[in-house]
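Commentary on secondary and tertiary structure
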Amino acid sequence: MTAPAKPLPHSPSPGDAPGSAGDALHRPVIAWFDAHARDLPWRREDAGPWGVMVSEFMLQQTPVSRVLPVYEQWLARWPRPADLAKEAPGEAVRAWGRLGYPRRALRLHGAAVAITERHGGDVPTEHAQLLALPGIGEYTAAAVASFAYGQRHAVLDTNVRRVFARAVTGVQYPPNATTAAERKLARALLPEEEHTASRWAAASMELGALVCTARNEACERCPIAAQCAWLAAGKPAHEGPARRGQTYAGTDRQVRGKLLAVLREAVAPVPQATLDRVWDEPVQRARALDGLVADGLVEPLRGGLYRLPLT
Ligand code: SF4
């Protein structure tokens, strides 16, 4: 059904640049966030920059519900970067549990080591310093600078990209990979004032996570329904390249997950024969194990033994 496009009267937030592209979006989205944001541990005052950084690593490809218990255990065990830096990288992989994409655990460990060695154990405040840490890309650097230090950065995750694609560009889904045009749009939509920009980053992300979701957009309770270009156009169907599926069963990722699960549980090096039992197909099993070794997630030892990495 086509909904009428009724631009709201302009009501700039205190931090808006007059006439900026996002003026009419900031106030309703931030007001909605103030009323509906989830109370998540990494958003609390006591989370600190390290808590924010850990959450950003964990949340990149994993839903909040699965992250929560691992996050709590992680911060209880390693409340500061230096605590994690002292451990073997394999301990980070072990504690990562079943969050998936376990290279993130190694990257987080590497970042903790660099923070300890280069920054006296404190998560650096500057975006460029964050970006220079191993394993930290543009998204994570922007997210930590924005959420931990209240700075003004475009924080472009999947949820934000979907909200912008629909509300502003008028299409159902963003491209499969982030484009220069999306980055330009995100910068154009950023409120001028630092604190407002930081709130906007968190609020637009939460809107994508709770209301404008990939499968079930809840336009009837969306604070920017009146300005949404995709809704106004009658929600035209996606015309771009096919959406990437999330298949898992039968993939190398599944085999890698099974192999790692055995090694996480083990207190001593594991023989090849034990690993062979997790998957029947030998070629795929060998490929998965080789991949884990190449990624530094598994360390091969003499005598056909394997363990999580010590160095
Ligand atoms: S109106 Fe609907 S499609 Fe548009 S941003 Fe809100 S939830 Fe998403």
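Residues numbered from 1 in each chain as written. Predicted model: local features only at pLDDT ≥ 70, side-chain atom pairs only at ≥ 80, totals over all residues. Heavy atoms only, no water.

Re helix α1 (residues 23-36)
Its 14 residues give α1 an end-to-end C-alpha distance of 21 Å, which sits within 8% of 20 Å, the value for a rise of 1.5 Å per residue. All of the buried residues in α1 are Asp23, Leu25, His26, Pro28, Val29, Ile30, Trp32 and Phe33. Where the residues of α1 are buried, they touch α9 (158-169), α10 (180-189) and α11 (194-210). (Helix = DSSP H or I, 4+ residues; strand = E, 2+ residues; numbered from the N terminus. Expected span 1.5 Å × (residues − 1). Buried < 20%, exposed > 50% of the residue type's maximum accessible area, 1.4 Å probe, protein only. Contact = heavy atoms within 4.5 Å.)

Here's the deal with the nonpolar core
Counting residues in hydrophobic clusters, the biggest one holds 49 residues, and the most contacted among them are Trp50, Met53, Met58, Trp74 and Leu108. Of all elements in the fold, only α2 (48-59), α3 (64-77), α5 (89-96), α6 (103-118), α8 (138-149), α13 (252-265) and α15 (282-294) reach the threshold of two or more residues within this core. Two domains each donate at least three residues to this core, and these are domain 1 (1-246) and domain 2 (252-307). Look past the residues within four positions of Trp50 in its chain and what remains in contact with it is Trp74, Leu75, Trp78, Pro79, Arg80, Pro81, Leu84, Leu108, Ala112 and Val123. (Core = buried A, V, L, I, M, F, W, Y, C linked by side-chain atoms within 4.5 Å. Domains from an automatic or database assignment.)

Regarding the UniProt feature "domain: HhH-GPD" (unreviewed entry) in the protein chain
According to UniProt, the positions carrying the feature "domain: HhH-GPD" (unreviewed entry) are residues 58-210. In the segment residues 58-210, helix accounts for 66% and strand for 0%; the C-alpha atoms at its two ends are 18 Å apart. (UniProt positions renumbered as here; feature names shortened; annotations may be inferred.)

Remarks on the packing of aromatic side chains
Under the defined criterion, the tally for this structure stands at 4 aromatic pairs. Ring geometry for Trp74 versus Trp78: centroids 4.7 Å apart, planes at 75°, classification edge-to-face. Overall, Trp74 belongs to the buried group, its relative accessible area being 1%. Taking the relative accessible area as the measure of exposure, Trp78 reaches 1% and is therefore buried. A ring pair is formed by Phe164 and Trp200, whose centres lie 6.0 Å apart and whose planes are at 15°; its orientation type is stacked. One end of the pair, Phe164, is in helix α9; the other, Trp200, is in helix α11, with 36 residues separating them in the sequence. The exposure class assigned to Phe164 is buried, which follows from its relative accessible area of 6%. The rings of Trp74, Trp78 and Trp96 are connected pair by pair, giving a single aromatic cluster. One Lys or Arg, Arg253, reaches over the ring of Tyr101 and ends 4.1 Å from the middle of that ring. (Phe/Tyr/Trp six-rings, centres within 6.5 Å; stacked < 30°, edge-to-face > 60°. Lys NZ or Arg CZ within 6 Å of the ring centre and 35° of its normal.)

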